[in-house]
Amino acid sequence: MNRGNQGQRSFQDDDDRERYLSLLQDLYVEVLMDNHFHSLVEVGEFPLAMGMHNFAVRYARHYNRCYQQANVCFRVGTRSLCVTGEVIC
(Lines give C-alpha, C1' and ligand atoms only; values in the text may rest on other atoms or scores of the structure.)
Protein backbone atom coordinates (compact mmCIF):
# COMPACT_ATOMS: atom_id res chain seq x y z
CA MET A 1 0.00 0.00 0.00
CA ASN A 2 1.14 3.51 -0.70
CA ARG A 3 -0.50 6.94 -0.75
CA GLY A 4 -0.15 9.98 -2.96
CA ASN A 5 2.53 12.46 -1.94
CA GLN A 6 1.05 15.06 0.44
CA GLY A 7 -2.42 13.63 -0.14
CA GLN A 8 -2.40 14.51 -3.84
CA ARG A 9 -4.17 12.42 -6.44
CA SER A 10 -1.97 9.76 -7.99
CA PHE A 11 -4.45 8.86 -10.71
CA GLN A 12 -6.37 11.55 -12.60
CA ASP A 13 -8.26 9.30 -15.01
CA ASP A 14 -8.55 5.79 -16.44
CA ASP A 15 -5.56 6.37 -18.75
CA ASP A 16 -3.37 6.90 -15.66
CA ARG A 17 -4.76 3.73 -14.07
CA GLU A 18 -4.10 1.71 -17.24
CA ARG A 19 -0.54 3.03 -17.46
CA TYR A 20 0.04 2.15 -13.80
CA LEU A 21 -1.23 -1.40 -14.31
CA SER A 22 0.87 -1.86 -17.45
CA LEU A 23 4.04 -1.29 -15.40
CA LEU A 24 3.36 -4.09 -12.93
CA GLN A 25 4.18 -7.78 -13.33
CA ASP A 26 3.34 -10.81 -11.18
CA LEU A 27 0.21 -9.06 -10.00
CA TYR A 28 -2.64 -10.93 -8.33
CA VAL A 29 -4.88 -8.12 -7.10
CA GLU A 30 -4.80 -4.36 -7.54
CA VAL A 31 -7.11 -1.78 -5.96
CA LEU A 32 -6.65 1.79 -7.22
CA MET A 33 -8.18 4.79 -5.49
CA ASP A 34 -7.62 8.37 -6.57
CA ASN A 35 -4.84 8.98 -4.06
CA HIS A 36 -3.53 5.54 -3.12
CA PHE A 37 -3.36 1.87 -4.07
CA HIS A 38 -3.26 -1.63 -2.61
CA SER A 39 -1.43 -4.45 -4.38
CA LEU A 40 -1.01 -8.17 -3.92
CA VAL A 41 2.14 -9.23 -5.73
CA GLU A 42 4.36 -12.28 -5.78
CA VAL A 43 7.89 -11.56 -4.63
CA GLY A 44 10.72 -13.54 -6.13
CA GLU A 45 14.46 -13.04 -5.90
CA PHE A 46 14.22 -9.29 -6.60
CA PRO A 47 13.73 -7.28 -3.36
CA LEU A 48 10.20 -5.88 -3.03
CA ALA A 49 11.36 -2.42 -1.90
CA MET A 50 13.63 -2.05 -4.92
CA GLY A 51 10.90 -3.20 -7.27
CA MET A 52 8.33 -0.78 -5.84
CA HIS A 53 10.84 2.08 -6.00
CA ASN A 54 11.62 1.37 -9.66
CA PHE A 55 7.92 1.17 -10.43
CA ALA A 56 7.15 4.45 -8.61
CA VAL A 57 9.90 6.30 -10.51
CA ARG A 58 8.63 4.99 -13.87
CA TYR A 59 5.03 5.94 -13.09
CA ALA A 60 6.06 9.40 -11.78
CA ARG A 61 7.83 10.10 -15.09
CA HIS A 62 4.60 9.32 -16.95
CA TYR A 63 2.45 11.35 -14.56
CA ASN A 64 4.73 14.40 -14.52
CA ARG A 65 5.05 14.38 -18.30
CA CYS A 66 1.26 14.21 -18.76
CA TYR A 67 0.43 16.90 -16.20
CA GLN A 68 3.52 19.15 -16.53
CA GLN A 69 4.59 18.62 -12.93
CA ALA A 70 7.87 17.86 -11.21
CA ASN A 71 6.71 15.95 -8.14
CA VAL A 72 6.96 12.49 -6.70
CA CYS A 73 3.61 10.72 -7.04
CA PHE A 74 3.75 8.60 -3.92
CA ARG A 75 5.00 9.38 -0.46
CA VAL A 76 8.27 7.84 0.63
CA GLY A 77 7.95 4.31 1.93
CA THR A 78 5.57 1.56 1.04
CA ARG A 79 3.67 -0.30 3.74
CA SER A 80 3.76 -4.03 3.19
CA LEU A 81 2.98 -7.27 4.92
CA CYS A 82 3.75 -10.86 4.11
CA VAL A 83 0.88 -13.08 3.03
CA THR A 84 1.57 -16.80 2.95
CA GLY A 85 -0.49 -19.61 1.58
CA GLU A 86 -2.13 -20.46 -1.69
CA VAL A 87 -3.70 -17.71 -3.79
CA ILE A 88 -7.08 -18.78 -5.13
CA CYS A 89 -8.29 -16.80 -8.12
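Since the model is a prediction, treat every value here as computed from it, not as a measurement. (Residues numbered from 1 in each chain as written. Predicted model: local features only at pLDDT ≥ 70, side-chain atom pairs only at ≥ 80, totals over all residues. Heavy atoms only, no water.)

J.: I would appreciate a short explanation of the packing of aromatic side chains in the present structure.
T.: A complete count under the given rule lists three aromatic pairs for this structure. On the basis of an interplanar angle of 50° and a centroid distance of 4.8 Å, the ring pair of Tyr 63 and Tyr 67 is categorised as tilted. Of this pair, Tyr 63 and Tyr 67 both sit in helix H2 (residues 48-67), four residues apart, roughly one helical turn. Linked through ring pairs, Phe 11, Tyr 59, Tyr 63 and Tyr 67 together constitute an aromatic cluster. (Phe/Tyr/Trp six-rings, centres within 6.5 Å; stacked < 30°, edge-to-face > 60°. Helix = DSSP H or I, 4+ residues; strand = E, 2+ residues; numbered from the N terminus.)

J.: What is the right way to read the nonpolar core from this model?
T.: Nonpolar side chains in soluble globular proteins tend to be buried together. By size, the foremost hydrophobic cluster in this structure holds 11 residues: Phe 11, Tyr 20, Leu 23, Phe 37, Met 52, Phe 55, Tyr 59, Ala 60, Tyr 63, Cys 73 and Phe 74. Within the residue set of this core, elements represented by two or more residues are helix H1 (14-23) and H2. Looking at which element gives the most residues to this core, the answer is H2, with five residues. (Core = buried A, V, L, I, M, F, W, Y, C linked by side-chain atoms within 4.5 Å. Buried < 20%, exposed > 50% of the residue type's maximum accessible area, 1.4 Å probe, protein only.)

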